[in-house]
Amino acid sequence: MSLPQFFLDEQVLADEVQDQFPLALSRDDAKHAKVLRLDPGEHIAVVDAAQDYFECEIKSFDGATPIVAISGHLEAKPLVAHVCLVQGLAKGDKMEMVIRHATELGVSEFIPFVASRSIMKVDAKKATSKTERWQAIAKSAAMQSGQTHLAHVHHPMKLAQLKEVLAAFDAVVVCWEKAPGTALLRNALRPAVLNASEDHLARIAVVVGPEGGLAQEEVDAILASNANANMVSLGSSILRTETAGIVAPALVLYEMGGMGAGERA
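In this text, all values refer to a predicted model and were calculated from it rather than measured experimentally. (Residues numbered from 1 in each chain as written. Predicted model: local features only at pLDDT ≥ 70, side-chain atom pairs only at ≥ 80, totals over all residues. Heavy atoms only, no water.)

Participant: Explain the sheet that holds strand E11 (residues 229-232) residue by residue, including any values.
Facilitator: Across the sheet, six strands lie side by side as E8-E7-E6-E10-E9-E11; this open sheet has parallel pairing. The open sheet has two edge strands with one neighbour each: strand E8 (152-153) and E11. (Pairing = 2+ DSSP bridges. Helix = DSSP H or I, 4+ residues; strand = E, 2+ residues; numbered from the N terminus.)

Participant: Please set out the packing of aromatic side chains residue by residue, giving values where relevant.
Facilitator: With the rule as written, the count across this model stands at zero aromatic pairs. Sitting over the face of the ring of Phe169, Arg203 holds its NZ or CZ atom 4.4 Å from the ring centroid. (Phe/Tyr/Trp six-rings, centres within 6.5 Å; stacked < 30°, edge-to-face > 60°. Lys NZ or Arg CZ within 6 Å of the ring centre and 35° of its normal.)

Participant: Give a description of unusual backbone geometry that names residues and reports values.
Facilitator: Of note in this structure, Arg37 is not a glycine but carries a positive phi near 55°. Mapped onto the elements, Arg37 comes out in the loop between helix H1 (27-35) and strand E3 (43-47). Phi is positive for Gln51, close to 65°, though the residue is something other than glycine.

Participant: Break down the packing of helix H2 (residues 94-105) against helix H8 (residues 241-255) for me, with residues and values.
Facilitator: The N-to-C vectors of H2 and H8 enclose an angle of 15°; their axes lie 9 Å apart at closest approach. With respect to H8, the element H2 is oriented roughly parallel. Along this stretch, H2 crosses H8, giving a crossing that reads as right-handed. Within the contact between the two elements, H2 uses Lys94, Met97, Val98, His101, Ala102 and Leu105 and H8 uses Thr241, Glu242, Gly245, Ile246, Ala250 and Leu253. In terms of residue class, the contact of H2 with H8 is built from seven nonpolar, three polar and two charged. (Axes fitted to C-alpha atoms, helices over the stretch in contact; angles between N-to-C directions. Parallel < 35°, antiparallel > 145°, perpendicular 65-115°, else oblique. Left-handed = near helix turned anticlockwise from the far one by under 90°. Contact = heavy atoms within 4.5 Å. Nonpolar A, V, L, I, M, F, W, Y, C, P; charged D, E, K, R; others polar.)

Participant: Any details on the pattern of salt bridges? Residues and values, ideally.
Facilitator: Per the counting criterion, the structure on display carries seven salt bridges. One salt bridge in this structure joins Lys139 and Asp9, with 3.9 Å as the shortest N-O distance. Residue Lys139 is found in helix H3 (residues 124-145), and its partner Asp9 is found in the loop between strand E1 (5-7) and strand E2 (21-22); the two are separated by 130 residues along the sequence. Take Lys139: its relative accessible area is 13%, and that puts it in the buried class. Assessed through its relative accessible area of 55%, Asp9 is described here as exposed. (Salt bridge = Lys/Arg side-chain N within 4 Å of Asp/Glu carboxyl O. Buried < 20%, exposed > 50% of the residue type's maximum accessible area, 1.4 Å probe, protein only.)

Participant: Go over the nonpolar core with me, naming the residues and quoting the values.
Facilitator: Membership of the largest hydrophobic core comes to 34 residues, with the highest contact counts inside it found for Leu85, Phe110, Val173, Ile204, Val206 and Val252. If we ignore the near neighbours within four places in the chain, the residues touching Val252 are Val83, Leu185, Leu189, Ile204 and Val206. If you look at the next biggest cluster of nonpolar residues, it comprises 21 residues, including Ala45, Val47, Tyr53 and Ile58. (Core = buried A, V, L, I, M, F, W, Y, C linked by side-chain atoms within 4.5 Å.)

Participant: Tell me about the side chain of Gln87, residues and numbers included.
Facilitator: Considering the arrangement of structural elements, one finds Gln87 in strand E6 (residues 82-88). Here Gln87 falls in the buried class, since its relative accessible area comes to 3%. Only 2.6 Å separates the side chain of Gln87 from the side chain of Thr241, close enough to count as a polar contact. Setting aside chain neighbours within four positions, we find Gln87 in contact with Met95, Val98, Ile111, Pro112, Phe113, Val208, Gly209, Thr241 and Gly245. (Polar contact = N/O pair within 3.5 Å; in protein donor to acceptor, adjacent residues only side chain to side chain.)

Participant: Go over the sheet that holds strand E4 (residues 53-62), please, and point to the residues and values.
Facilitator: The strands making up a sheet associate through hydrogen bonds between their backbones, and the pairing can be parallel or antiparallel. With mixed pairing, the five strands of this open sheet are ordered in space as E1-E3-E4-E5-E2. The two strands at the open ends of the sheet, each matched to only one other strand, are E1 and E2. Relative to E4, E3 runs antiparallel, the two being bridged by five bridges. Bridged to Ala45 within E4 is Glu55.

Pasting the structure below:
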């Protein structure tokens with residue numbers, strides 16, 4: 001049975017000098033611990049601010065703050081690739097759904113994309129609160145699914161800023177319903193596979209359009225932003241944006257050896 005897992009924003013457990021010490025949980029995480037009804041003697045998993053991974057035993061509580069002792073050092077499962085989902089802004093709760101489920105899969109980074117056909121509009125004032133909400137959802141999903149790496153959610157980006165960011169990736173995969181059936185994901189990922197090594201984690205951006213899809217000029221601009229950018233087809237079915245935003249990164253992670261692919265005979 002997996003241990004309840006928590007992330008620490010500032011505390012580094014290796015710096016603690018006492019055998020027992022308070023765990024600096026955020027207010028929301030402290031509430032979550034209370035909901036779980038954790039008792040002294042129970043064990044939890046903790047990813048600290050240095051991205052170190054520990055098993056801790058709860059010794060007591062100081063109000064809502066757990067007092068813990070380190071039981072052991074855990075080995076975080078290595079990432080097969082750093083996958084960034086560039087998701088066209090979608091209306092309603094679709095963005096939240098995509099971020100939650102894609103985090104569970106192992107996506108490392110999210111860029112909400114203000115596409116020309118995005119129905120959802122986010123002004124500067126709302127962008128900060130929306131981003132904070134999406135980041136909280138990513139954190140909650142990582143805790144629930146046992147991900148040891150916390151995904152980062154960027155503020156929404158327009159095309160000009162997005163092009164600059166995409167230039168640094170090993171491969172950019174543009175999921176487009178007009179892509180020919182011969183535009184295979186495996187081929188688009190070849191540059192990332194060739195660049196990957198023990199010293200370099202492949203960085204792959206996956207671009208998914210909003211409800212109305214990507215405009216031709218957006219596809220052209222994104223393809224021009226990186227020499228290893230390619231459009232790909234996700235099959236003959238036209239997927240909803242929230243479906244593509246989950247399926248596409250899952251396929252990328254599988255092709256890179258994740259999602260159980262590494263266990264193939």
